[in-house]
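Next come the chains, spelled out residue by residue.
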Amino acid sequence: MSSIVTKRCLYLLFALSGFSGLIYESIWSRYLTLFLGHAAYAQALVLVIFMGGLAIGAWLVSRYTHQLGNLLLCYAVIEGTIGLFGLVFNPVFQFVFSVSFGNIIPALGDPVFVYIYKIIIASLLILPQSLLLGATFPLMSGGFIRKFPGLPGQSISILYFLNSFGAAIGLLFSAFYLVGKLGLPGTIFAAGIVNIVIAILVYVLVKAPAPLVNTTPATILLSRPGMFLAISFFTGMASFIYEISWIRMLSMVLGTSTYSFELMLSAFIIGLAMGGYLIRKRIDHLQDPIMFVAFVQILMGLFAILTIFLYGYSFELMAFFMSALGKTEQAYILFSLFSHGIALMIMLPATICAGMTLPLFTCILLKQGQGEKSIGQIYSSNTIGAIAGVLFTVFVGMPMLGTKGSVLSGAVIDISLGMVLLWIYSTSIKIRYQGHIAAAVAIILIITVIGFEFNTKVLASGVFRHGIAQLDDKTEILFHQDGKTASVTVSEWDNKTVTIMTNGKPDAAITMASGSPPSIDEATMTLLGALPLSVYPKARTIANIGMGSGLTTHTVLAMPGVERIDTIEIEAAIVKGAEYFIPKTGRVFNDPRSYIQIDDARTYFSIHQSRYDIIISEPSNPWVSGVSSLFTTEFYQLIRSHLNQNGLLAQWIHIYELNTELLISILKAISLNFPYYSIYFADDGDLILLASVDNPVNIPDYSIFESADMKNQLATVHIHNLEDMRFRFLGDQNLFNPFINQSKIDTNSDYYPVLDLRAEKSRFLQENVSELLNLRLSSPPILDILYDNPGFRTENLSRTDYFPDQHAEEALKIYDYFSQKVFDKAIISSIASLNFLRSAAITCDMEYNQTVWTDSFYIILSKTIGLLTRKQLDEILVAITPQCEVKPGLELQYHWLNLFKSFNAQNDTETIAALVELLDTTTEVTLEQQKFLYITLLTMFVKTGDHVKASLLWNQYMKSLFIDVDSIPMEIQILLAVIEDRK
């Protein structure tokens, strides 16, 4: 094989090595998120361990490279070993995870010991592979230079470019394809196979050893060669300060999904790769490489400062893209590409400079005559600096300096490095010019520090969701802090509504102004606290996952019987921001029964081994990176083990920005661990699921209103009595299990993260599962038929226009009309139908315009049946029934009347007969009325257990009404699943 072919093959294989290497880092982050907790912590620690391993591996190679005969053969062995580790990583991790959380962590108890233990185990899990990965670059570079001794700087630059570019491709391919197809276990296994193939092919190519020759005679004499290792350290530190800071900054623009993180990280790596590529032809021919690298350092710092000014424009760009894009599959692809483009716009100039530095530093030491060891030394020192940059940014920069201050600190490091190099080494530039450069840079820094601040109204805009680049003039920013895991903002709109946001995404809103209607969020947060207590009023100990505004915890503490509630929140800045909701959430902070725990939920439960009567879970939306792990079957298994006997899980699930399949994947995860559950809706966008291991979930109990504080709290969201709560019931496991079991969507799990992979796309497409509410809020009254529980009817439902009360408001006003009570005619859209029916009943004239009568009757039937009490419906029935004999030709009208009467009397046999009689006269029944009658009959068959007839009804008659399968309403899909399950 010719040397050119061998060279190109080695180039390709090293690109593949980078491809698999970043797959490891990406997948390790996902695995260690499960072990360590919040994704931000896991990503930071994986970076530290990963980079630490690279540094140690490179350093070890630098120490012993001169003793190795065939570096490329050693490289092949290393690649093969990495591959073997990849093949066994998943089973090893699952064993360690099970033993750690099941036995060791509970035994340790003390959070400090647990934290140390987790770091040690996380290091043991990925450090060996990281050490090996660190050895690959110096081994390949050294071996390559031995085999092809000409132009060593160019060889290193090209290898660095290809390895980095392959890493960027591997990162994106893993995130956008492999994990979805293979899950975490399959993806890391595939990466292992790639490494083994690389090892075999390299072995075939380089079985004969290359001679050890001095290919780089000393051409530069340095008085302080060790300084370049220090400079390499600090430039690595600055680069990773930028990386962490930019990712936090761009999270406000692109969102905080896993995909957004991977796009940002890949943009950073692409910049490094381009730096290596652009310097490849010049690096061996530079007359003064030290001066060149000095200016590269200064430029890198200046470009980093420029990102602070460009950052504001990135919001406007995203707003433009969002306004131009529709909500389609193709638009989502464009959204991802535009997001990547914005990340490249911010990162590319500075990262190109960063990508030049490592090859330049290596080449300078090679030319000094330091030999092959300089490759590993520079790589190692640069990587150790990267670790320092990660630690500084996460634990010092973000909490103390914020994103702007962190970026500036990195810029100061880079510019200082460049100035030091110019001052000490340059002979071709006069001192006075160095002073001018220093003065100009100082002025730029001063202007940036003093004269420029990020506009927090822009930062908190959530532009990636709604395409609005800045909050409006009515909004005032009350609080903003860059926390360890997220940037938290609290805003107030029009002096009324206060909202807390995480990375630009609203997490909770409360109307603070007295006399103003509550926000939609308030009903959800209040019910999350009250609903489980209404089902389990004897609960004494409660845990609440997720602080938000604090309203849920505040609501729980309204019950005097509660002895303790632990509110578990990962980000301390959220707790600080929640103080702006006082006095609406005052009990969170001043009630002695309230305990705020700053910790990850999984870690907290495993350490403390506490058991609770109720565990409430209200994390952020699952498209946010790391949050979907709080909706997995493994997490619910953990929750289950921390509930007392008869304990309850109260799980918040949003149905906006979510599709049916993803909802089912969550319900599958819950149902696998909780045999009994009930689902309620809080408003038109949120569900509350109550789940139990031991017993069917009870219906809400009146004792919840015996507490004056709780009664007052519920009244703030228009819940004044038991019926207001029971009305929100949507069904239990008997209704939903057949439906979810029929779906082919995978259960959301830690290792096959369905939700994490698909939720961001669903968010972008603005999908929703609001039709689920049709089970309660539309006709026919499916739940009323199936559950036959008068407690779910609206006997005392509060009469307001607040969701969902307005769905029963018109039914109550129709009752008022026929019971001769005072009412507001303007509110009743069907007033003409009411007048017509009353007139026809009084005159006993049903022949006149029979179609109008039937249509009017159907309106009244569909708007009241299943909502009003049986007594109220009887009064309406009496008012619209003519007191005269049935005349020929009026059979259809009396069939409708019989249906109303038999249904209200709960006479199943007569109801079915009336439905059949009406359906036999299809020529006189509209399509809408047919659908109503068929769905009612189908539901009656389900209720009476006649699933054979139900199946025949669907196949022979109903299916033709729903030609397009996708148009079948969800309530019918649920009924069909029950029928199929029970046939």
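Up top is the structure.
Treat the numbers as computed from the prediction; the structure is a model and nothing was measured.

Enquirer: I'd like to hear about the pairing of strand S4 (residues 505–511), residue by residue, with values.
Expert: Taken across its seven residues, S4 has five buried, putting it largely inside the fold. Of the strand pairs in this sheet, strand S3 (residues 497–502) and S4 are connected by six bridges, and their pairing is antiparallel. Residue pairing in the sheet places threonine 497 in a bridge with threonine 511 of S4. Between S3 and S4, which follow one another and run antiparallel, lie two residues, and asparagine 503 among them has a positive phi close to 50 degrees.

Enquirer: Can you explain the packing of helix H5 (residues 152–205) against helix H9 (residues 329–367)? Please cite residues and give values.
Expert: The interhelical angle for the contact between H5 and H9, taken along N-to-C directions, is 150 degrees, at an axis separation of 10 Å. Taken together, the axes of H5 and H9 lie roughly antiparallel to each other. For the pair H5 and H9, the crossing hand works out as right-handed. On H9, the residues touching Pro152, Gly153, Ile156, Ser157, Tyr160, Leu172 and Phe176 of H5 are Ser336, His340, Gly355, Leu358, Pro359, Thr362, Cys363 and Leu366.

Enquirer: Lay out the environment of leucine 172 in plain terms, naming residues and giving numbers.
Expert: With respect to the element layout, leucine 172 can be found in helix H5. Accessibility expressed as a relative area gives 18% for leucine 172, which makes it buried. Along the primary structure leucine 172 and tyrosine 259 are separated by 87 residues, whereas in three dimensions their C-alpha atoms are 8.5 Å apart. Ignoring sequence-local partners within four residues, the contact set of leucine 172 consists of Tyr177, Glu262, Leu263, Ser266 and His340.

Enquirer: Let's hear about the nonpolar core: which residues, and what values?
Expert: Core analysis: the biggest nonpolar cluster contains 164 residues, and Phe93 and Trp246 have the highest contact counts within it. Counting residues per element, this core draws most heavily on H9, at 20 residues. In this structure tryptophan 246 touches Met264, Phe268, Ala304, Thr307, Ile346, Met347, Ala350, Thr351 and Val407, once residues within four positions along its chain are discounted. By size, the runner-up hydrophobic cluster in this structure holds 149 residues, among which are Ala530, Ile679, Ala682 and Ile740.

Enquirer: Just give me the short version of the environment of alanine 669, but keep the residues and values in it.
Expert: For alanine 669, the location among the structural elements is in helix H20 (residues 660–671). Of the residues examined, alanine 669 reaches a relative accessible area of 0% and is grouped as buried. Sequence separation between alanine 669 and glutamate 634 is 35 residues; the distance between their C-alpha atoms is 8.0 Å.

Enquirer: Tell me about the sheet that holds strand S9 (residues 643–654), and name the residues and values.
Expert: Sheet strands associate in pairs through backbone hydrogen bonding, adopting either a parallel or an antiparallel arrangement. Overall, mixed pairing links the eight strands, which are arranged S7-S6-S5-S8-S9-S11-S10-S12 in an open sheet. Whereas interior strands pair on both sides, the edge strands pair on one side only; in this sheet they are strand S7 (594–598) and strand S12 (729–732). Taking each pair of neighbouring strands and ignoring which way they run, the sheet shows an average axis angle of 15 degrees. Pairing of strand S5 (residues 541–545) with strand S6 (residues 564–569) involves five bridges; the strand directions are parallel. Looking at the pairing, isoleucine 545 lines up with isoleucine 568 of S6. Docked against the sheet, helix H19 (residues 633–640) engages S5, strand S8 (612–617) and S9, running at close to 145 degrees with respect to S9.

Enquirer: Explain the packing of aromatic side chains to me, using residue names and the numbers behind them.
Expert: Under the counting rule described, the total for this entry stands at 49 aromatic pairs. One aromatic cluster is present, formed by Tyr24, Trp28, Tyr31, Phe35, Phe50, Phe89, Phe93, Phe97, Phe101 and Tyr751 through successive ring pairs. A cation over an aromatic ring shows up here: lysine 7 above the ring of phenylalanine 148, its NZ or CZ 5.2 Å from the ring centre. Of note, lysine 327 hangs over the ring of phenylalanine 764, and the distance from its end group to the ring centre comes to 4.7 Å.

What counts and what doesn't
- Residues numbered from 1 in each chain as written.
- Predicted model: local features only at pLDDT ≥ 70, side-chain atom pairs only at ≥ 80, totals over all residues.
- Heavy atoms only, no water.
- Buried < 20%, exposed > 50% of the residue type's maximum accessible area, 1.4 Å probe, protein only.
- Helix = DSSP H or I, 4+ residues; strand = E, 2+ residues; numbered from the N terminus.
- Pairing = 2+ DSSP bridges.
- Axes fitted to C-alpha atoms, helices over the stretch in contact; angles between N-to-C directions.
- Parallel < 35°, antiparallel > 145°, perpendicular 65-115°, else oblique.
- Left-handed = near helix turned anticlockwise from the far one by under 90°.
- Contact = heavy atoms within 4.5 Å.
- Core = buried A, V, L, I, M, F, W, Y, C linked by side-chain atoms within 4.5 Å.
- Phe/Tyr/Trp six-rings, centres within 6.5 Å; stacked < 30°, edge-to-face > 60°.
- Lys NZ or Arg CZ within 6 Å of the ring centre and 35° of its normal.

From the geometry alone we can't say anything about function, so treat these as descriptive.
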